[in-house]
Amino acid sequence: FIGWGWHYPEPVGGLTLRWSGAYPQTLIYVDLPPGAYTVELAAQAYWEPRQLRLEVNGTPLGDRVTVTDDGLHEYRFDIPADVIGGGKGVTLALDYDAVVVPAEVTQSEDTRKLAVAVDWIRFTQQMEQ
């Protein structure tokens, strides 16, 4: 389920994306079987590169990554099993460093606050070794 921070879905270049940026963080809620996971997402920054960190249940995952503005690229984060816990009501937060309002930087009349567009998010459970 998506939470606060997302804008409505919109078609862009044959894809349907959602822009984040309506709030300081953009939230996603999932239920997952307990375990460690790799989360991948296809994202693109608006106007200029953006620093992005994924937080899970309030725990920041590693260093920030630079999301570029030159097209969709895949970004990967590892989530330890202890952060997932029992797996019910897991909260993911896209934590970005800034937003840009298109009307302030282009001829657009779009007054939304935009950070990064997301095409898809994939969760892959890591196999125990």
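Residues numbered from 1 in each chain as written. Predicted model: local features only at pLDDT ≥ 70, side-chain atom pairs only at ≥ 80, totals over all residues. Heavy atoms only, no water.

**Re the packing of aromatic side chains**
Phase 1: A complete count under the given rule lists three aromatic pairs for this structure.
Phase 2: A ring pair is formed by W4 and Y23, whose centres lie 5.1 Å apart and whose planes are at 75°; its orientation type is edge-to-face. Residue W4 is found in the segment before β1 (10–12), and its partner Y23 is found in the loop between β2 (15–19) and β3 (25–30); the two are separated by 19 residues along the sequence.
Phase 3: According to the relative accessible area criterion, W4 is exposed, its value standing at 57%.
Phase 4: Chaining the aromatic ring pairs together yields one cluster made of W19, Y46 and W47. (Phe/Tyr/Trp six-rings, centres within 6.5 Å; stacked < 30°, edge-to-face > 60°. Helix = DSSP H or I, 4+ residues; strand = E, 2+ residues; numbered from the N terminus. Buried < 20%, exposed > 50% of the residue type's maximum accessible area, 1.4 Å probe, protein only.)

**What about the sheet that holds strand β8 (residues 73–79)?**
Phase 1: Ordered by their spatial adjacency, five strands build an open sheet running β1-β2-β10-β4-β8, and the pairing between neighbours is antiparallel. Of all the strands in the sheet, just β1 and β8 have a single pairing partner and so form its edges. Neighbouring strand axes in the sheet, compared pairwise and without regard to direction, differ in orientation by 45° on average.
Phase 2: Across two bridges, β2 lies against strand β10 (residues 116–125) in antiparallel orientation. Residue R18 lies in a different strand from β10, and its bridge partner there is V118. (Pairing = 2+ DSSP bridges. Axes fitted to C-alpha atoms, helices over the stretch in contact; angles between N-to-C directions.)

**Quick word on the pattern of salt bridges**
Phase 1: The tally for this structure, following the rule as stated, stands at seven salt bridges.
Phase 2: Across the pair E40 and R122 runs a salt bridge, and its minimum N-O distance is 3.3 Å. Highlighted residues: E40 in strand β4 (residues 37–45) and R122 in strand β10, separated in sequence by 82 residues.
Phase 3: Of the charged contacts, one joins R64 and D95 as a salt bridge, the two residues approaching to 3.0 Å between their closest N and O atoms. Of this pair, R64 sits in the loop between β6 (59–60) and β7 (65–67) while D95 is found in strand β9 (residues 90–96), placing the two residues 31 residues apart along the sequence.
Phase 4: Relative accessible area serves as the criterion here: at 32%, R64 is assigned to the partly exposed category.
Phase 5: The network of salt bridges with shared partners includes E10, D110 and R112. (Salt bridge = Lys/Arg side-chain N within 4 Å of Asp/Glu carboxyl O.)

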